[in-house]
Amino acid sequence: MKKVKGFTIPEIMIGMVIMLLVMGAALTIYNMSQVSWTEGNAQIGIERDASIAMGKMIRGISGVYGIMDAKSVNTPNAAPPNIDNTVVFTGVDNVNRSFYLSNGELWYDPNTSTSGGESRMVKNVSGLEFRRGNGTTQYGSEDRLGIKLALQQMVMSKTMSVTLYTAVKVRN
């Protein structure tokens, strides 16, 4: 009798099981990398949004008339310890402007004496604080305004968040 060359059924089955395990491992690694990329991309996005919003508050929407250029700064709703989520400031052009939190969004009002013209700067805001220095806080004297901006976003049932702090010396 002639010997037939080839694979037996058990050899083919073992090969298929090994191939199935390799494919399963590759698919698991691919899915984990997709989740990691999605979460990382979302974190980068909210960090970028927070940084841009903080910069616009400090330097102004178009690079002028920001809090650092203000002649005066007021936190109208502040109660001790001088914390508020609204700031009104007077620019060198004597126009009152404001940044405020409304329904989880940071808004900019370019002229508080007229209605309309407000623009949303960033959404997903979980916290916004303006704190005037009182000589005993980390912000020091009255000529400093502390700003805390926190953003939070749900991505694939995971909470991504960022909090930025800064203190701005007001010209007065």
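Scoring rules and cut-offs
Residues numbered from 1 in each chain as written. Predicted model: local features only at pLDDT ≥ 70, side-chain atom pairs only at ≥ 80, totals over all residues. Heavy atoms only, no water. pLDDT = per-residue confidence, 0-100. Helix = DSSP H or I, 4+ residues; strand = E, 2+ residues; numbered from the N terminus. Pairing = 2+ DSSP bridges. Axes fitted to C-alpha atoms, helices over the stretch in contact; angles between N-to-C directions. Contact = heavy atoms within 4.5 Å. Core = buried A, V, L, I, M, F, W, Y, C linked by side-chain atoms within 4.5 Å. Buried < 20%, exposed > 50% of the residue type's maximum accessible area, 1.4 Å probe, protein only.

Section: the confidence of the model for the protein chain
Piece 1. Of the residues in the protein chain, 88% reach a pLDDT of 70 or more, and the chain-wide mean stands at 85.
Piece 2. When the elements of the protein chain are averaged for pLDDT, strand β2 (residues 83–84) gives the smallest value, 67, and helix α1 (residues 9–59) the largest, 94.

Looking at the sheet that holds strand β1 (residues 72–74)
Piece 1. Overall, antiparallel pairing links the five strands, which are arranged β1-β3-β4-β5-β6 in an open sheet. Both outer strands of the open sheet, β1 and β6 (119–122), are each paired with one neighbouring strand and no more. Geometrically, the sheet is characterised by an average inter-axis angle of 25° between neighbouring strands, direction not taken into account.
Piece 2. Two strands pair when backbone bridges link them, and strand β3 (residues 86–90) and strand β4 (residues 96–102) are joined in this way by five bridges, in the antiparallel orientation. Paired with Val 88 across the two strands is Ser 98, which belongs to β4.
Piece 3. Against the sheet, α1 engages β4, β5 (105–109) and β6, with an angle of about 130° to β6.

Things to note about the nonpolar core
Piece 1. Residues Met 57, Ile 67, Phe 99, Phe 130, Ile 147 and Leu 149 are the most contacted members of the largest nonpolar core, which totals 28 residues.
Piece 2. A per-element tally of this core places α1 first, with seven residues.

A closer look at unusual backbone geometry
Piece 1. Although it is not a glycine, Asn 94 sits at a positive phi angle of roughly 65°.
Piece 2. At Met 156, a position not held by glycine, the phi torsion is positive, near 50°.
Piece 3. Within the secondary structure, Met 156 sits in the loop between β8 (144–155) and β9 (158–169).
Piece 4. We classify Met 156 as partly exposed; its relative accessible area is 46%.

Points about the pairing of β5
A regular strand carries its side chains on alternate faces of the sheet.
Piece 1. Counting buried residues in β5 gives four out of five residues, a clear majority hidden from the surface.
Piece 2. Sheet topology places β4 next to β5; five bridges connect them, and they run antiparallel. When the bridges of β5 are listed, Ser 98 appears paired with Asp 109.
Piece 3. Both β5 and β6 contribute to a ladder of three bridges, which runs antiparallel. For Tyr 108, the partnering residue across the bridge sits in β6 and is Ser 119.

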